[in-house]
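Survey of secondary and tertiary structure
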Amino acid sequence: MAWLLFAVMQPLINAIINLFDKYMLSKRIKNYYSYGIIVGLTTVTISLIMWSISKPQNTNIILIGIAAGMFYGTCYFLYFHLFTKSEASRVIGIIYVYPAIVALTSRILLKEQLSTIKYTAIILTVIGAIILGMEKKAKWELTHSFWIAVLIALNVGIVDTMDKYLLQHLTTVQVFSVTYTGVGTMLLLPMLSKKVRKDIKQTIPTIPIIIPMTILSMSATAFFLMAAQQIQVAIVSAIATLQPALVFIGTMILSKFAPHVIKETLKPKLIAYKTAGIFLVVAGAIILTL
């Protein structure tokens with residue numbers, strides 16, 4: 001049953017990283033670009049080490065992999081931006097609509113077939129995301145954060161579809177190394193800005209915390225791959241959908257007992273909305289992975 005441990009570790013680690021990122025970006029880091037640069041340096045270093053070990057050869061495929069990684073790197077910036085503005089439980093819940101996008105892009109680009117139940121699952125995830133994205137101001141409306149989170153989900157969905165193509169030509173370790181090289185490269189681009197380089201000085205005290213957490217974050221992908229080597233990837237992907245629920249539970253606990261770390265609204269009505277939205281997103285995502 002080692003595969004089960006590996007499969008559960010992925011969403012658990014990702015949820016911990018989400019909570020850590022929320023704390024750092026709302027309490028400790030003034031400029032999320034400088035935060036991304038530290039993450040990027042760590043990511044590039046590890047991916048290049050893995051590159052030297054796995055030795056990918058196909059130049060055209062490698063370039064596609066790096067491009068996919070850079071495309072995914074833009075998701076990091078959008079994700080960091082959202083965590084400075086919005087509740088973590090909402091953001092992660094909405095982002096998990098991406099399995100629906102993967103299903104649709106795979107249908108269009110890779111000609112994969114979708115059953116009626118999977119189309120139903122897509123509808124469920126979209127409804128759940130809309131519930132999570134609605135906030136009442138003068139009236140109920142979809143927030144700015146909702147559209148950014150949907151954009152992240154769209155990007156992740158496209159990248160996952162690209163990864164499916166890459167895995168037809170490279171090993172999982174090679175895909176990991178070339179795509180994370182692209183991710184790290186994109187995260188390092190803000191170093192071209194003089195203002196960001198200046199802000200990095202303020203981020204230096206947090207580097208001893210950020211580096212191990214970045215390594216831990218990358219290990220989540222490794223756990224996913226190790227689990228997928230032992231059992232069907234659909235089962236592993238289904239277990240990965242625990243992440244939004246774990247983030248939701250974590251934010252509720254911290255908001256109650258450690259509000260100085262993370263503080264989210266604990267009004268019963270809003271908790272009920274979030275619960276319903278996350279349930280629909282997770283239920284739809286699980287159906288789509290089976």
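Just so it is clear, the structure is predicted and the values come from calculations on it, not from any experiment. (Residues numbered from 1 in each chain as written. Predicted model: local features only at pLDDT ≥ 70, side-chain atom pairs only at ≥ 80, totals over all residues. Heavy atoms only, no water.)

A short note on the overall build of the protein
Within the protein, the regular secondary structure consists of 13 helices and two strands. Radius of gyration (C-alpha) of the protein: 19 Å, near the 19 Å computed for a compact globule of 290 residues. On the principal axes, the C-alpha backbone points of the protein span a range of 55 × 55 × 35 Å. In the protein, which comprises 290 residues, the share counted as buried stands at 50%. Taken as a whole, the protein presents about 14,000 Å² of accessible surface, with 70% of it coming from carbon and sulfur. (Helix = DSSP H or I, 4+ residues; strand = E, 2+ residues; numbered from the N terminus. Rg over C-alpha atoms; globule rule 2.2 N^0.38 Å. Buried < 20%, exposed > 50% of the residue type's maximum accessible area, 1.4 Å probe, protein only. Areas by Shrake-Rupley, 256 points an atom, 1.4 Å probe, with all protein chains shown as cover.)

A few points about unusual backbone geometry
Even without glycine at this site, Lys55 takes up a positive phi of about 50°. Within the element layout of this structure, Lys55 appears in the loop between α2 (32-54) and α3 (59-85).

Notes on helix α6 (residues 116-133)
In this model, α6 (18 residues) spans 26 Å end to end at C-alpha, consistent with the 26 Å of a helix rising 1.5 Å per residue. Every buried residue of α6 is listed here: Ala121, Ile122, Thr125, Gly128, Ala129, Leu132 and Gly133. Down the axis of α6, the buried side of the element spans an arc of 130°, and every buried residue falls inside it. Of the residues in α6, the exposed ones pointing more than 90 degrees away from the buried face are Thr116, Ile117 and Ile123. (Expected span 1.5 Å × (residues − 1). Arc of directions from axis to C-beta.)

Some details on the confidence of the model for the protein
For the protein, the mean per-residue pLDDT works out to 86, and 96% of the residues sit at or above 70. The least confident element of the protein is strand β2 (residues 140-142), whose mean pLDDT is 66; the most confident is helix α12 (residues 242-257), at 93. (pLDDT = per-residue confidence, 0-100.)

Points about the packing of α3 against helix α7 (residues 144-166)
With their axes 9 Å apart at the nearest point, α3 and α7 run at an angle of 160° to one another. Comparing the axis directions of α3 and α7 gives the class roughly antiparallel. In the packing of α3 onto α7, the handedness of the crossing is left-handed. (Axes fitted to C-alpha atoms, helices over the stretch in contact; angles between N-to-C directions. Parallel < 35°, antiparallel > 145°, perpendicular 65-115°, else oblique. Left-handed = near helix turned anticlockwise from the far one by under 90°.)

A look at the environment of Thr59
Note that Thr59 resides in helix α3. Since its relative accessible area comes to 51%, Thr59 is described here as exposed. When the C-alpha positions of Thr59 and Ala283 are compared, they lie 39 Å apart, and in sequence the two are 224 residues distant.

Quick notes on the pattern of salt bridges
This model, assessed by the stated rule, comprises four salt bridges. Put simply, Glu87 and Arg90 hold a salt bridge, and the shortest N to O gap is 3.3 Å. Exposure remark for Arg90: the relative accessible area of 10% places this residue in the buried category. What emerges from the salt-bridge pattern is a single network uniting Glu87, Arg90, Glu264 and Lys274. (Salt bridge = Lys/Arg side-chain N within 4 Å of Asp/Glu carboxyl O.)

Digging into the side chain of Asn18
Summarising the element assignment, Asn18 is placed in helix α1 (residues 2-28). Classification of Asn18 as buried rests on a relative accessible area of 6%. Of the polar contacts made by the side chain of Asn18, one reaches the side chain of Tyr79; its length is 2.9 Å. If we ignore the near neighbours within four places in the chain, the residues touching Asn18 are Tyr79, Phe83, Ile92, Gln243 and Val247. (Polar contact = N/O pair within 3.5 Å; in protein donor to acceptor, adjacent residues only side chain to side chain. Contact = heavy atoms within 4.5 Å.)

Some thoughts on the environment of Trp147
Topologically, Trp147 is positioned in helix α7. Between the C-alpha atoms of Trp147 and Thr275, which are 128 residues apart in sequence, the distance is 20 Å.

Focus: a nonpolar patch on the surface
On the surface, a nonpolar cluster with roughly 430 Å² of combined accessible area is contributed by Met1, Leu4, Val8, Leu12 and Ile16. Of note, Val8 is situated in helix α1. We classify Val8 as partly exposed; its relative accessible area is 33%. (Patch = residues over 30% accessible without salt bridge, like charges linked within 9 Å, V, L, I, M, F, W, Y side chains within 5 Å.)

Side note on the packing of α3 against helix α8 (residues 172-188)
Contact pair α3 / α8: the axes reach a minimum separation of 6 Å and the direction vectors enclose 45°. Taken as axis vectors, α3 and α8 run oblique relative to one another. Pair α3 / α8 crosses with right-handed handedness. Across from Ile62, Gly65, Ile66, Gly69, Met70, Tyr72, Gly73, Thr74, Tyr76, Phe77 and Phe80 in α3, the residues of α8 making contact are Val178, Thr179, Tyr180, Gly182, Val183, Thr185, Met186 and Leu187. Grouping the amino acids of the contact of α3 with α8 by side-chain chemistry returns twelve nonpolar, seven polar and no charged. (Nonpolar A, V, L, I, M, F, W, Y, C, P; charged D, E, K, R; others polar.)

Notes on the environment of Ile61
Position of Ile61 among the secondary structure elements: in helix α3. Ile61 sits 63 residues away from Leu124 along the chain, and the two C-alpha atoms are 35 Å apart.

Some details on the packing of aromatic side chains
Centre-to-centre distance and the angle between the planes together describe a pair of aromatic rings. Across all of its chains, the model carries ten aromatic pairs by this definition. Judged by centre distance (5.7 Å) and plane angle (50°), the rings of Tyr79 and Phe80 are tilted. Both residues of the pair, Tyr79 and Phe80, count as buried. Seen in terms of ring centroids, Tyr79 and Phe83 are 4.5 Å apart; in terms of plane orientation they differ by 40°. Their pairing is tilted. Placement of the pair is Tyr79 and Phe83 together in helix α3, with a separation of four residues, close to one helical turn. (Phe/Tyr/Trp six-rings, centres within 6.5 Å; stacked < 30°, edge-to-face > 60°.)

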